[in-house]
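Examination of the molecular architecture
Listed below are the residues making up each chain.
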Amino acid sequence: MLLSSVRTAMFCGCRGASRGFQPSSRSPQLRQWLVKRSQSTIATQAEGASIQVAASVPSVATNRILGRWLLGCSGLVVGAVVLGGVTRLTESGLSMVDWHLVREMRPPSSQTEWEAEFSKYQQFPEFKIMNHDMTLPEFKFIFYMEWGHRMWGRLVGLAYVLPTIYFWRKGYFTRSMKGKVLGLCGFVFFQGLLGWYMVKSGLEEKPESHDIPRVSQYRLSAHLGSALLLYCASLWTGLTLLLPAHKIAETRRLMQLRRFAKGTGGLVFLTALSGAFVAGLDAGLVYNSFPKMGERWIPDDLLAFSPTLKNFFENPTTVQFDHRILAISSLTAITGLYMFSRRMMLPKRAKVAISLLAAMAYAQVALGISTLLLYVPTPLAATHQSGSVALLSMAIWVLAELRKLPK
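Residues numbered from 1 in each chain as written. Predicted model: local features only at pLDDT ≥ 70, side-chain atom pairs only at ≥ 80, totals over all residues. Heavy atoms only, no water.

1. Looking at the overall build of the protein
When helices and strands are tallied, the protein shows 13 helices and zero strands. Starting at the N terminus, the α and β elements of the protein follow one another as α-α-α-α-α-α-α-α-α-α-α-α-α. Looking at the protein as a whole, 40% of its 407 residues qualify as buried. Relative to all contacts within the protein whose residues are 6 or more apart in sequence, the contacts with residues 24 or more apart total 78%. When the accessible surface of the protein is summed, it comes to about 23300 Å², and 66% of that surface belongs to carbon and sulfur atoms. (Helix = DSSP H or I, 4+ residues; strand = E, 2+ residues; numbered from the N terminus. Buried < 20%, exposed > 50% of the residue type's maximum accessible area, 1.4 Å probe, protein only. Contact = heavy atoms within 4.5 Å. Areas by Shrake-Rupley, 256 points an atom, 1.4 Å probe, with all protein chains shown as cover.)

Right, here's the structure in full:
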């Protein structure tokens, strides 16, 4: 009897199990629940993917980061320009006669190393003609000036390249921005090579010349011009990322103001570039009077060289005369821009930029005249050179404030 009871229980259990595997009346509800759960999972995954994509797409926050980075880079370029001007004014630029990207980052540390570096310098024209009585401590001063300028240049390069790699990997750059930053980084490397190409011109033996050794004014102008272009491009890009364009009605007067501002900015840039020829030829040491040059408005030796075109690049008198004309023209253009803008309804920020541009223009002209009359003292000359960069910065700010809204 016990055996039959066990057989009956097992038979009933198997039948119950077989019924459990058959579709129940609840299966439609179960299928609906499974469908809803899968849809919720897919939606969650899609939301996570969209958040990840959004984090890699440039936004207002990333533009602010990029703008501040580029403004910082442009500030470093200004430091390089100013330090380069002081290096030239102290006649230190030819103290390092070699160029090595990494090896020269460590200056001489022992007496033996300093003497070896000094002996290399003694083999070149600047020591033989100008500094034949220079002592080792005096050489250390000019060496450290040039070394500091070169190390600052390397700092500028790192400030452009390393953040570019980081921001690129983070996805902060748009397609157009990628091209811009690649161009800026390439320009930094070009600027370094151009600097050494300039220095080499002052290390060459020139038996036919009886002038003091100096770098080519053409190469100096190219070196300064490329630095100013790098600065302008960085500052402009940074400002356009940080400052939203104004919603100004497109009137004929506004279009005229924009063209006026662009022409004025170009004139300011050309004036700053002409200062490189003045520096390269030491043209600030001739005719140290203002407004006349000596006793005349137009000096006798203005076109002394032949052919005539040569005077504009190699005659110190002509180079100084040209710089004066360009400076006065820039001041006149900026004054006209200021007067023209006063009769227009412009945003407050644009009016402030134009006012500061005008104030800086008059301060820069005053610095230039003082530098000339005092026979180019180094502190004043360096301040005047820095003023040219400040004036150019104001002009770029004005252009950024007056730019059109992007379509």
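Text resumes after the structure shown.
2. Some thoughts on the state of the cysteines
By the definition in use, this model includes zero disulfides. Looking at Cys185, it has no disulfide partner, and the nearest cysteine sulfur is the one in Cys73, 8.3 Å off. (Disulfide = S-S within 2.5 Å.)

3. Comments concerning the environment of Ser201
By the secondary structure assignment, Ser201 is in helix H7 (residues 175-203). Separated by 12 residues in sequence, Ser201 and Pro213 have C-alpha atoms that sit 9.1 Å apart. Excluding residues that lie within four positions of it along the chain, Ser201 makes contacts with Lys206, Arg214, Val215, Ser216 and Arg219. Side-chain polar atoms of Ser201 contact the backbone oxygen of Met198, separated by 2.5 Å. In terms of polar contacts, Ser201 uses its side chain to reach the backbone amide nitrogen of Ser216, at 2.9 Å. (Polar contact = N/O pair within 3.5 Å; in protein donor to acceptor, adjacent residues only side chain to side chain.)

4. A word on the confidence of the model for the protein
Summarising the model, the protein shows a mean pLDDT of 86, and 85% of its residues fall at 70 or more. Low confidence marks residues 1-26, where pLDDT is under 50. Its contacts with residues over four positions away, or in another chain, come to zero contacts. The low-confidence segment residues 46-57, where pLDDT is below 50, has five contacts with residues more than four positions distant or belonging to other chains. (pLDDT = per-residue confidence, 0-100.)

5. Topic: the nonpolar core
Ranked by internal contacts, the top residues of the largest apolar core, which has 57 residues, are Trp69, Tyr160 and Leu346. Only helix H3 (60-89), helix H6 (136-170), H7, helix H8 (217-242), helix H9 (252-280), helix H11 (316-342), helix H12 (348-373) and helix H13 (378-401) provide two or more residues apiece to this core. In contact with Leu346, other than residues within four places in its own chain, are Leu254, Leu257, Ser341, Lys351, Ile354 and Leu402. If you look at the next biggest cluster of nonpolar residues, it comprises 10 residues, including Trp114, Phe118, Tyr121 and Ile142. (Core = buried A, V, L, I, M, F, W, Y, C linked by side-chain atoms within 4.5 Å.)

6. Here we look at the environment of Arg214
Note on placement: Arg214 falls in the loop between H7 and H8. Considered as a pair, Arg214 and Gly280 are 66 residues apart in the sequence and their alpha carbons are 7.4 Å apart. For Arg214, the residues in contact, after removing those within four places along its chain, are Ser201, Gly202, Lys206, Gly280, Leu281 and Asp282. A polar atom in the side chain of Arg214 sits 2.9 Å from the side chain of Asp282.

7. Details of the pattern of salt bridges
Counting across every chain of the model gives 11 salt bridges. With its nearest N and O atoms 3.6 Å apart, the salt bridge here joins Glu117 to Lys120. Here Lys120 and Glu117 lie together in helix H4 (residues 111-121), a separation of three residues that amounts to about one turn. We classify Glu117 as buried; its relative accessible area is 15%. Here the salt bridges do not stand alone but share partners, grouping Arg88, Arg214 and Asp282 into one network. (Salt bridge = Lys/Arg side-chain N within 4 Å of Asp/Glu carboxyl O.)

8. Here we look at H6
Helix length check: H6, at 35 residues, gives a terminal C-alpha distance of 50 Å against a target of 51 Å (1.5 Å per residue), a fit within 8%. Gly171 sits one or two positions beyond H6 and adopts a positive phi of about 80°. (Expected span 1.5 Å × (residues − 1).)

9. A closer look at the packing of aromatic side chains
Remark: the centre distance and the inter-plane angle together describe each pair of aromatic rings, the angle taken between the planes. Within the structure shown, the criterion is met by 22 aromatic pairs. With a centroid separation of 6.4 Å and an interplanar angle of 35°, the aromatic rings of Trp69 and Phe173 are classed as tilted. With Trp69 in helix H3 and Phe173 in the loop between H6 and H7, the pair connects residues that are 104 residues apart, well separated along the chain. In terms of burial, Trp69 and Phe173 fall into one category: buried. Both rings, one in Phe118 and one in Tyr121, keep their centres 6.5 Å apart while their planes meet at 20°; by these two values the pair is stacked. Of this pair, Phe118 and Tyr121 both sit in helix H4, separated by three residues, roughly a single helical turn. Overall, the relative accessible area of 9% leaves Phe118 in the buried class. Pairwise contacts between aromatic rings join Trp114, Phe118, Tyr121, Phe127, Phe139, Phe143, Tyr144 and Trp147 into one cluster. (Phe/Tyr/Trp six-rings, centres within 6.5 Å; stacked < 30°, edge-to-face > 60°.)

10. Some thoughts on the packing of H3 against H6
The geometry of H3 relative to H6 is characterised by a closest axis approach of 9 Å and an angle of 165° between their N-to-C directions. As summarised for this structure, H3 and H6 are arranged roughly antiparallel, according to the angle between their axes. Helix-helix and strand crossings are classified by hand; for H3 and H6 the assignment is left-handed. (Axes fitted to C-alpha atoms, helices over the stretch in contact; angles between N-to-C directions. Parallel < 35°, antiparallel > 145°, perpendicular 65-115°, else oblique. Left-handed = near helix turned anticlockwise from the far one by under 90°.)

11. Topic: the packing of H4 against H6
Packing of H4 against H6 leaves a shortest axis separation of 11 Å and a crossing angle of 80°. Overall, the two elements H4 and H6 adopt an arrangement that is roughly perpendicular. Counting all contacts with H4, which are made through Gln111, Trp114, Glu115, Glu117, Phe118 and Tyr121, the residues of H6 involved are Leu136, Phe139, Lys140, Ile142, Phe143 and Tyr144. A class-by-class count of the residues in the contact of H4 with H6 yields eight nonpolar, one polar and three charged. (Nonpolar A, V, L, I, M, F, W, Y, C, P; charged D, E, K, R; others polar.)

12. Focus on the side chain of Ser393
Along the chain, Ser393 falls in helix H13. When its relative accessible area of 16% is taken as the criterion, Ser393 is described as buried. When sequence neighbours within four positions are dropped, the list of residues in contact with Ser393 reads Tyr231 and Leu235.

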